Every structure is written in C-alpha cells, then in structure tokens.
Amino acid sequence: MSAAPPLALRPGERVLVCGAAGFLGSHLCERLLQRGCAVLGLDNLISGDLRNLVALQASARFEFLRHDICSPPPPQAEGVSRIFNLACPASPAHYQRIPVQTVLASALGVWQLLELARRSGARLLQASTSEVYGDAQEHPQQESYWGHVNPVGPRACYDEGKRCAEALMVAYAEQYGTEVCIARLFNTYGPRLRPGDGRVVSNFIVQALRGEPLTLYGDGQQTRSFCYVDDTVRGLCALMESGWRGPVNLGNPCECRMVELAERVLAVTGSASALVHRPLPQDDPRRRRPDIRLARERLGWWPEVGLDEGLAHTVSYFRERLGLPLAQRPAATMARGAAASRGEAG
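Sequence positions are assigned chain by chain, starting from 1 and proceeding in written order. It should be noted that, the model being predicted, local features are given only for residues of pLDDT at least 70 and side-chain atom pairs only at 80 or more, the latter also being counted only at that level, while totals for whole chains, interfaces and linings use all residues. Calculated side-chain values reflect all of the structure's heavy atoms, with hydrogen atoms and water omitted.

(A) Spatial organisation of the environment of Ala-312. In this text, helices come from DSSP runs of H or I with a minimum length of four residues, and strands from runs of E with a minimum of two, each type numbered from the N-terminal end. Along the polypeptide, Ala-312 turns up in helix 9 (residues 307-321). Partly exposed describes any residue whose relative accessible area lies between the buried limit of under 20% and the exposed limit of over 50%, with all areas from a 1.4 Å probe on protein chains only and scaled to the type maximum. Overall, the relative accessible area of 1% leaves Ala-312 in the buried class. Sequence separation between Ala-312 and Leu-56 is 256 residues; the distance between their C-alpha atoms is 24 Å.

(B) Expanded view of the pattern of salt bridges. Each reported salt bridge corresponds to a side-chain nitrogen of Lys or Arg within 4 Å of a carboxyl oxygen of Asp or Glu. A complete count under the given rule lists 22 salt bridges for this structure. As a salt-bridge pair, Glu-131 and Arg-155 come within 3.1 Å of each other at their nearest N and O atoms. In this pair, Glu-131 sits in the loop between strand 5 (123-129) and helix 4 (156-176) while Arg-155 sits in the loop between strand 5 and helix 4, placing the two residues 24 residues apart along the sequence. When its relative accessible area of 10% is taken as the criterion, Arg-155 is described as buried. One salt bridge in this structure joins Glu-166 and Arg-184, with 2.7 Å as the shortest N-O distance. With Glu-166 in helix 4 and Arg-184 in strand 6 (residues 179-185), this residue pair connects regions lying 18 residues apart in the sequence. Like Glu-166, the residue Arg-184 is buried in the burial classification. What emerges from the salt-bridge pattern is a single network uniting Arg-10, Glu-13 and Arg-82.

(C) The arrangement of the nonpolar core in detail. Ranked by size, the top nonpolar core spans 67 residues in total, and within it Leu-32, Phe-84 and Leu-261 carry the most contacts. Nine residue types can take part in a nonpolar core, namely buried Ala, Val, Leu, Ile, Met, Phe, Trp, Tyr and Cys, and a core is a set of them joined through side-chain atoms within 4.5 Å. Grouped together as the second largest cluster of nonpolar side chains are 22 residues, Cys-18, Val-80, Ile-83 and Ala-165 included.

(D) Representation of the packing of helix 7 (residues 258-269) against helix 9. Between helix 7 and helix 9, the shortest axis-to-axis distance is 10 Å and the interhelical angle comes to 60°. One way to sum up the angle between helix 7 and helix 9 is to call them oblique. Regarding helix 7 and helix 9, the two cross each other, and that crossing is right-handed. Contacts between helix 7 and helix 9 involve Leu-261, Arg-264, Val-265, Val-268 and Thr-269 from the former and Leu-307, Asp-308, Leu-311, Ala-312, Val-315 and Arg-319 from the latter. Residues are grouped as follows: Ala, Val, Leu, Ile, Met, Phe, Trp, Tyr, Cys and Pro are nonpolar; Asp, Glu, Lys and Arg are charged; all remaining types, including Gly, are polar. By residue class, the composition of the contact of helix 7 with helix 9 is seven nonpolar, one polar and three charged. Axis lines are fitted to C-alpha atoms, over the contacting stretch for helices. Their N-to-C directions set the angle, which ranges from 0 to 180 degrees. When describing relative orientation, an angle under 35 degrees is termed roughly parallel and one over 145 degrees roughly antiparallel, while 65 to 115 degrees is termed roughly perpendicular and anything else oblique. Each crossing gets its hand from how the near helix is turned against the far one by less than a right angle, where anticlockwise is left-handed and clockwise is right-handed. Contacts: residue pairs with any heavy atoms within 4.5 Å of one another.

Distances and angles like these do not, on their own, reveal function.
Here you go:
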C-alpha cells in the first residue's frame, strides 16, 4: 500500500479541483488559493458558470481548463498531489435532463480520476451526496445506513451514480492502495447558486425577489438540512487533511420543513409572495437530516453558520445577480447582513 501524502495542505502544493466552475467548486478553489495552493480547475461547463471564476483568474496560482472528466485527464493534471472531485450535476433540473452524462460522470469520470490518483500518488476526495440514502427509512441518517434507493427511478442517474462512485473509490483503495476519501454532502447553499437551477433555496429566493409565488411540492412538510457553503468547504478541506477514508456526512443537523424554509425566505427578502403547491415529484425524499457525530469526532468539524445568517448572505448575492438595487433590501435583512459580516449570529 502506498504511503499517505503529507496531510496538511501546503503553500505551493498542486491541487486539482474538478467541477471548479460550479457553485461549490468555485468556493473551494477560492479557499485553496487563500491557503497558498496552486490550483488547476477543470469543468465541462454543463452546469458550471465561468462567472464564478472571474475573481480567481487574477491569481497566478490558478489555472482553468474546459475539460470533461470522462476523458483522459489533461497533461497539466499529471503529478498533482490532491484531487477534489465535485464534477457532477447536483440539481434534479440538470441531471434529469442529461441522465446518461450524469451516470458517466460518476462512473467513467471517477475511474479516470482514480487512475490519475494512482499514477500520481495523489489523494482523491469524492464529493458524494446524502442522496445515496435515497428515501431513507432511518432518521437521522448515519454513515452505516445502506439506503433505500430506487435504482430505475427518475433520480437513479444521480443517486446510483454516486453509489457506484463510492464503490469504485473503495475498490481502488483496497486493490491498489490508492489514497481516497468520501464526503456525503447534504444540501449546501450560498452565493453562486444559479437562478433556475432547481434547488429549493435558489428557487425560493429568486421567486420571492421577483414577487412570484413560491412553489412548494406536496404538502411542504418534507424536510431538508441546509449547510452554508463556507461550512461545507471547511469540512471538505478537513477531510482531505485527515488521512481518513470515511465516508462521512457533512451537513447541518438542523432539520427544516420546506414550508418553514419558504417562510424564512419571505422574511429575509421582505417579499409578499404567496405560496403555491404542486404535486410531489416521484421518489422525492420525505426527510433528510445528517448524523454528524463522525465528522465531529474524526474531523473536529461542525457547521457554524445559522440558516438565517446564511440566507441573508445568499439573498444579497441574488439581489446583485438579478440587478436589484440595494435600497430594496428590508431594514431587518440589512441588519442581519451587517451582523453576519461581523461574524455574529444571524
């Protein structure tokens, strides 16, 4: 078995981020640059957005290449010491439109990256998902839970693709001694989410800011657990540096009903939008909440940003993205944003 690389991310270390132009990938690149790493970002831009990388392009330590991870890695990727793989559509609106490419990203794409890690002696982190638990029959979800997933349903391209990726990661670790780690991410939100991408936080915020009805599916009693992007990125870096394989849940254990989230978004935006109900999509999970005891014990990690504080940051981003003047922000939201910038609770 190959020796583990030095655990701490070191200044000047060459790091590969796949899915770099995505919402989460761009935040991760930013954090790695702040820590002094040299970052190569790859993205095929199926769901990524080059606007997320504008500020990063000014750094001499950042390079971006348009590339599909299902193809052999570009020569620039050879010899990297760390690989973060976030390259897969994560929104139902995207992955149900391109189910074949979604499955291949999690199977063929992960295999290509594992081969690169094997050649380079790199440590590979796979961003998996809470969707490996499916419509969970266990609550909250622990890493030991095997899941309750429909292998032929409309979400299977994503859910089963991620499960296949985890199996490949473990197989390479066992057969070849490849250094791997697996993070199961629960709903992450924050600035750089794309309008209209089908994720509930961005959907609600855009609808509220435009004065449109907020769309609730089913009775709105289904739950999710929302983790602010800064907390998720901090968890990914902690796992990469831990030397531990996982899998490990990274998410906020504060469970929130969809109707409650809608009410919070209306309060933060000051919107008077109504709520409308639509039929619940097939195989939509009814409850989602991570058990994060392993993350606390092994990584010393837990989320620090509360939902109201995170929503205030995210709403500010969408106001700018949609071209709405700052003056339209309600006084209460402005106060929360000021508190958040000072590091106070929202």
